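Reading the structure
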Amino acid sequence: MATGDFQDLYTRTIYAAQRDPNVAADVARAKEAVNEAYLSLCDSGPQWSFLTSQGTQTLTTNQTSYSYSTIATSLGVSGITDVLAWSFGGPAGSAPGHYARWEDFWAIKQLNPSLAAGVPHLWTTYGRSQVEIWPKPQSGYSATVLAMRKATELVNNSDTTLIPQGWVTKLLVPAAAAILLRQEGGSDAVSEANNHENTYKAVYEQFAAGPMVFSTPVAHPTPAQILLPGGLKGTSGTFLELAQRVCYEANQPSWIAYNLTRAKEAINAVYRTILDTPDPWDFLEREGQIELTAGQGTYTLSSIATALGVPAIRQLLNVVNDTVSNSSPLEPMGWPELESLTKSTQDGETNDVPAAFAMWDGKIRFWPAPNLNYKLGLYYIVGTSELSADSDVPVIPNEWVHEVLVPLAAARVLYQSGDAAQIQKGQLLEGRGQSQLKLMREARAAAKNPTLRLQAPRFSADLPGSYAQDWYF
């Protein structure tokens, strides 16, 4: 008889309960009491670390569902009651497995139900009998699984428990003795049973306070989908990817449509605010060429934008006649000024080479009206619209999008919550975004060489020192 095996446990229980080891009925009841105490301890609330088992589960190509019984067989155990961790094997650099609650797992999966097979990344459990993984494996990868073993009844005298050797008799003998004595009834037996139960409880508290409890899986199905499978993430720099990052900054699951919608609205609000300021953003400057029709001097800006292949023209900075050699840029004028100087609506002047232009009410007029089909080179500020499709890319330079647009939009989302802690975090993000916006303005909306020297070659002639490499605001 080895210390801690089944025979040792039920024999100790018989003596603790002051029963006769030579009476078959007492021995049988003691065995039942030991098993009841053992299984009850293993099935109690905590997930005991002594029940954990790690092994390898080979994945089948395109198969996403694996039963607990199949996993138990792969781990070489009789059964499992739960899966604690699931790490997918794959090419070097593959992401580890991320556990998601079933409702989150389902929502994420629905983002792209037809996602092509790849390296699985997410996993969940349901029904206490099944593991679901996503996306479906494209190959027979090996997954490392940590699971909770199912404790089984002790049958043979030499059977041992899964409880650590140093604790097994101290825990199970008083618990089993209490069970056995209560079956007897009577005040003396019940009193003695209570004494054994108190002994068990004292040992149990010490046992449970130690490193015997394993934490349950923590739901962390990616921060804002940054760690989701490639087919579920927004392409870097796109509207969808930015909205996902805003959700992440605002501590909101980005696989929920409502959260994504609010994030997109906040992005557009910040986006319009930045682009509609009077800052001379150099990334909005464009150049292109159009052809005037002989005899036609007035055009809508929308038609000019269509000819240039852009959504809109916000401001026309300069116009040159590319058909006439060595011609000076056309003179920009206000509409009243052009009318006053030319009186063109009254005098019916002849068509000629355009020399000036004026813009008003969504139109542009070239004067005089062209006598030929001239090609004009335009230097202009492009008009922008809100982002709408997930694949849309903002015109703000990529190096500033994440530093400016994301924190400012996340701050707006957080402000909507009304929660003091959320508002405080929003203020921190607002400060970060505004400081980066200031740097972006200095980098992309400030006069600097060589532009400034071309426009005013001697602008700094009377200033001390050399300003050749400086920027001016």
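The structure reproduced in this document is the subject of the present report.

The rules behind these values
- Along each chain, numbering runs from 1 in the same order as the chain's sequence is written.
- Restriction of local features to residues with pLDDT of at least 70 applies here, the model being predicted, together with a cutoff of 80 or more for giving and counting side-chain atom pairs; totals for whole chains, interfaces and linings are based on all residues.
- Hydrogens and water molecules were not included; the side-chain quantities draw on all heavy atoms of the structure.
- Numbering of helices and strands starts at the N terminus; helices are DSSP runs of H or I of at least 4 residues and strands are runs of E of at least 2.
- Relative accessibility under 20% of the residue-type maximum defines a buried residue, over 50% an exposed one, and the middle range a partly exposed one, all with a 1.4 Å probe and only protein chains included.
- In this description, contact between two residues means that some pair of their heavy atoms is separated by no more than 4.5 Å.
- When DSSP finds two or more bridges between a pair of strands, those strands are recorded as paired.
- In this analysis, axes come from line fits to C-alpha atoms, helices being fitted only over the stretch in contact, and the angle between any two N-to-C directions falls in the range 0 to 180 degrees.
- Only Phe, Tyr and Trp rings take part, Trp by its six-membered ring, and two of them pair if their centres are within 6.5 Å. Stacked means planes under 30 degrees apart, edge-to-face means over 60, and tilted covers everything else.
- Two limits define a charge over a ring: the Lys NZ or Arg CZ must be within 6 Å of the ring centre, and within 35 degrees of the ring normal.
- To estimate how far a helix should extend, the number of its residues minus one is multiplied by 1.5 Å.
- We call two N or O atoms a polar contact when they sit within 3.5 Å, provided that within protein one can donate a hydrogen and the other can accept it, with sequence-adjacent residues counted only if both atoms are side-chain atoms.
- By arc we mean the arc of the directions from the helix axis to the C-beta atoms, nothing more.
- Just to be clear on terms, a salt bridge is a Lys or Arg side-chain nitrogen sitting within 4 Å of an Asp or Glu carboxyl oxygen.
- The nonpolar core is taken to be a set of buried Ala, Val, Leu, Ile, Met, Phe, Trp, Tyr and Cys residues, with the residues joined through side-chain atoms within 4.5 Å.
- Should an angle lie under 35 degrees it is considered roughly parallel, over 145 roughly antiparallel, and from 65 to 115 roughly perpendicular; all remaining angles are considered oblique.
- The crossing is said to be left-handed when, going from far helix to near helix, the turn is anticlockwise and less than a right angle, and right-handed when the turn is clockwise.
- Under the scheme applied, nonpolar residues are Ala, Val, Leu, Ile, Met, Phe, Trp, Tyr, Cys and Pro; charged residues are Asp, Glu, Lys and Arg; polar residues are all the others, including Gly.

On to the overall build of the chain, then. Scanning the chain from N- to C-terminus turns up 14 helices and 16 strands. Counting only residues that meet the buried cut, the chain has 43% of its 473 residues in that class. Contacts in the chain between residues at least 24 apart in sequence constitute 70% of all its contacts with a sequence separation of at least 6.

Pairing in this open sheet of three strands is antiparallel, and the strands run β8-β14-β10 from one edge to the other. At either end of the open sheet lies a strand with only one pairing partner, and these are β8 (285-291) and β10 (312-321). The sheet shows a mean angle of 30 degrees between the axes of neighbouring strands, taken without regard to direction. Sheet topology places β8 next to strand β14 (residues 375-383); seven bridges connect them, and they run antiparallel. For Glu 285, the partnering residue across the bridge sits in β14 and is Ile 381.

Time to look at the packing of aromatic side chains. Within the structure shown, the criterion is met by 16 aromatic pairs. On the numbers, 5.9 Å between centres and 40 degrees between planes, the contact of Tyr 200 with Tyr 204 is tilted. One end of the pair, Tyr 200, and the other, Tyr 204, are both in helix α6 (residues 187-209), four residues apart, so they sit about a helical turn from each other. The class of Tyr 200 is buried, set by a relative accessible area of 17%. Members of the aromatic cluster, connected to one another through ring pairs, are Trp 48, Phe 50, Trp 167, Tyr 200, Tyr 204 and Phe 207. Taking NZ or CZ as reference, Arg 262 lies 4.6 Å from the ring centre of Tyr 258, over its face. Here Lys 264 stacks its cationic end above the ring of Phe 239, 5.5 Å away from the centre of that ring.

The end-to-end C-alpha separation of helix α13 (residues 420-444) is 35 Å, in line with the 36 Å expected for 25 residues at 1.5 Å each. Turning to α13, its buried residues number three or more, namely Gly 426, Leu 429, Gly 433, Gln 436, Leu 437, Met 440 and Ala 443. Measuring from the side-chain oxygen of the N-cap residue of α13 to the backbone nitrogen of Ala 421 gives 3.1 Å; that N-cap residue is Asp 419.

Moving on, we come to helix α4 (residues 102-109). Looking only at α4, the buried set comprises Asp 104, Phe 105, Ile 108 and Lys 109. All buried residues of α4 project into a common sector of 135 degrees when viewed along the axis, lining one side. In this structure, the buried side of α4 is in contact with β5 (122-126) and β6 (130-134).

With that settled, consider the pattern of salt bridges. For the structure on display, the rule yields 18 salt bridges. A salt bridge links Asp 104 to Arg 101, with the nearest nitrogen and oxygen atoms 2.9 Å apart. Residue Asp 104 is classed as buried on the basis of its relative accessible area, which comes to 7%. By relative accessible area, Arg 101 is classed as partly exposed at 41%. Measuring nitrogen to oxygen at the nearest pair gives 2.8 Å for the salt bridge that ties Arg 262 to Glu 265. One end of the pair, Arg 262, and the other, Glu 265, are both in helix α8 (residues 257-275), three residues apart, so they sit about a helical turn from each other. Looking at Arg 262, the relative accessible area reads 17%, which means it is buried. Residues participating in the shared-partner salt-bridge network are Arg 101, Glu 103 and Asp 104.

It is worth spelling out the nonpolar core at this point. Residues Ile 267, Ile 274, Phe 366, Leu 378, Ile 396, Leu 405 and Met 440 are the most contacted members of the largest nonpolar core, which totals 57 residues. Of all the secondary structure elements, the ones that give two or more residues to this core are α7 (239-249), α8, α9 (301-308), β10, β13 (363-367), β14, α12 (398-415) and α13. Look past the residues within four positions of Leu 405 in its chain and what remains in contact with it is Leu 242, Ile 267, Val 270, Tyr 271, Ile 274, Ile 396 and Trp 400.

A few words on the packing of α8 against α12. Running from N to C, α8 and α12 cross one another at 125 degrees; their axes reach a closest spacing of 8 Å. Classified by the interaxial angle, the pair formed by α8 and α12 is oblique. Handedness of the crossing formed by α8 with α12: right-handed. Contacts from Arg 262, Ala 263, Ala 266, Ile 267, Ala 269, Val 270, Tyr 271, Thr 273 and Ile 274 of α8 reach α12 at Val 404, Leu 405, Leu 408, Ala 409, Arg 412 and Val 413. For the contact of α8 with α12, the residue count by class is twelve nonpolar, one polar and two charged.

This next bit is on the sheet that holds β6. The strand order across the open sheet built from four strands is β2-β6-β5-β4, with neighbouring strands paired in mixed fashion. Of all the strands in the sheet, the pair left with one neighbour each is β2 (65-67) and β4 (98-99). Examined bridge by bridge, β5 and β6 share five bridges and lie antiparallel to one another. Bridging from a neighbouring strand, Leu 122 pairs with Trp 134 of β6. On top of the sheet, helix α3 (residues 68-75) reaches β2, β5 and β6; it is set at about 70 degrees to β2, its chief contact.

It is worth stressing that arrangement in space is one thing and function is another; only the former is reported here.
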